[in-house]
Amino acid sequence: MTDLKLLYVDDEADIREVATFSLELDPGIEVRSAGGGIEAFAMLDGDVWRPDVVLLDVMMPDMDGPAVLARLRERGDIDGTPVIFITARAQAEERARLMGFGAADVITKPFDPMTLAQDVRAILAR
Amino acid sequence: MTMADPLAPLRAKFLVRVADDLAALRSVETSMKDRHYIVHRLAGAAGVFGYAQITDLARDLDDLLIDQGEAPPEAFAELIAALEGLG
């Protein structure tokens, strides 16, 4: 039985696959993924399913992560859902910039596939 | 007795894609925008599969391309050489 619904948005198929695998090592997490912001919003528009947390890549070709977050915040049905950015850019300034958009936290790629689920739960438990 | 690597099938798929990336990075016909996309993807993905050196090189190159809009050919050559070492 799952207790955490997670939406993972990333344009990189390799990463989506390994992240889904990693997150599902925790049997309590249900993962759905989208290849970008447009696909994610189409998914939300076409389904009653709503995530408890969103993991969001930053650099994506259709909409970047901050743009997706801004649009999520405009929706009444998901505006309070925690969003965790996931990015290959590790500098402190980039992290501060992303936190400024209202993210719950920032996870740096490459993440550890064996602990990603624990990392997400630890962020949400704060 | 050794434990099976649960990431092995995903790593194998990643390496197939790396071969395509390598061909694209070697080609003079690949645009800088496409090169940057490949570099950025490698920066995020390679380390997940245990290729930390590739991630380090790709991340430095990614930072240069984002901050300066360009990077010296030697930086690309170094990444290409590291990718060739995976084969």
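Relevant structure appears above.
Predicted model only: the values in this text are computed from it and were never measured.

S.K.: What exactly am I supposed to notice about the overall build of chain B here?
M.R.: Secondary structure assignment for chain B yields four helices and zero strands. Starting at the N terminus, the α and β elements of chain B follow one another as α-α-α-α. Across the 87 residues in chain B, those meeting the buried criterion constitute 32%. For chain B, the proportion of contacts with a sequence separation of at least 24, taken over those separated by at least 6, is 42%.

S.K.: Hey, could you run me through the interface of chain A and chain B in this one?
M.R.: Interfaces are frequently sized by the accessible area removed from exposure as the parts join. With 12 residues of chain A at the contact, the number on the chain B side is 16 residues. For the side of chain A that touches chain B, a count of residues per class yields eight nonpolar, no polar and four charged.

S.K.: Would you take a moment to explain the nonpolar core for this structure?
M.R.: A general tendency of soluble globular proteins is for nonpolar side chains to be buried together. Residues Val9(A), Leu55(A), Leu56(A), Ile84(A), Phe85(A) and Ala58(B) are the most contacted members of the largest nonpolar core, which totals 55 residues. With residues up to four places along the chain from it excluded, the contact list for Leu56(A) reads Val9(A), Gly65(A), Val68(A), Leu69(A), Val83(A), Ile84(A), Phe85(A) and Ile86(A).

S.K.: I would appreciate a short explanation of the environment of Phe111(A) in the present structure.
M.R.: Here Phe111(A) lies in the loop between β5 (105-108) and α5 (116-125). Residues Phe111(A) and Ala67(A) lie 44 residues apart in sequence; the distance between their C-alpha atoms is 23 Å. Beyond its immediate sequence surroundings of up to four residues, Phe111(A) is in contact with Leu116(A) and Val48(B).

S.K.: Please clarify how helix α2 (residues 37-45) of chain A should be interpreted in this entry.
M.R.: Given 3.6 residues per turn, any residue in an α-helix points the same way as the ones three and four places further on. All names here are of chain A. For α2, the complete set of buried residues consists of Gly37, Ala40 and Leu44. Projected down its long axis, α2 carries its buried residues within an arc of 60°, all on one side. In α2, the exposed positions that point more than 90 degrees away from the buried face belong to Ala42 and Asp45. Next to the buried residues of α2 lie β1 (4-9), β2 (29-34) and α3 (65-74).

S.K.: Would you explain the sheet that holds strand β3 (residues 53-57) of chain A in this entry?
M.R.: Each strand in a sheet pairs with its neighbour through backbone hydrogen bonds, running either in the same direction (parallel) or in the opposite one (antiparallel). Residue and element names in this part refer to chain A. Overall, parallel pairing links the five strands, which are arranged β2-β1-β3-β4-β5 in an open sheet. The open sheet has two edge strands, β2 and β5, and neither has a second partner. Shown here is a sheet whose adjacent strand axes are inclined to one another by a mean of 25°, direction ignored. Here strand β4 (residues 83-87) runs beside β5; their pairing, made up of four bridges, is parallel. The residue of β5 that forms the bridge with phenylalanine 85 is valine 106.

S.K.: Sorry if this is basic, but what is going on with the packing of helix α1 (residues 8-26) of chain B against helix α4 (residues 73-84) of chain B here?
M.R.: Angle between the axes and distance between the axes: these two values describe a pair of packed helices. Residues and elements named next belong to chain B. It is at 10 Å that the axes of α1 and α4 come closest, and there the two elements cross at 150°. Judged by the sense of rotation from one axis to the other, the crossing of α1 with α4 is left-handed. Contacts between α1 and α4 involve Val18, Asp21, Leu22, Leu25 and Arg26 on the former and, on the latter, Phe76, Ile80, Leu83 and Glu84. Among the residues making up the contact of α1 with α4, the classes are represented as six nonpolar, no polar and three charged.

What counts and how
- Residues numbered from 1 in each chain as written.
- Chains lettered and ligands numbered in written order.
- Predicted model: local features only at pLDDT ≥ 70, side-chain atom pairs only at ≥ 80, totals over all residues.
- Helix = DSSP H or I, 4+ residues; strand = E, 2+ residues; numbered from the N terminus.
- Buried ≥ 20, exposed ≤ 12 C-beta atoms within 10 Å, placed from the backbone.
- Contact = placed C-beta atoms within 7 Å.
- Nonpolar A, V, L, I, M, F, W, Y, C, P; charged D, E, K, R; others polar.
- Core = buried A, V, L, I, M, F, W, Y, C linked by C-beta atoms within 7 Å.
- Arc of directions from axis to C-beta.
- Pairing = 2+ DSSP bridges.
- Axes fitted to C-alpha atoms, helices over the stretch in contact; angles between N-to-C directions.
- Left-handed = near helix turned anticlockwise from the far one by under 90°.

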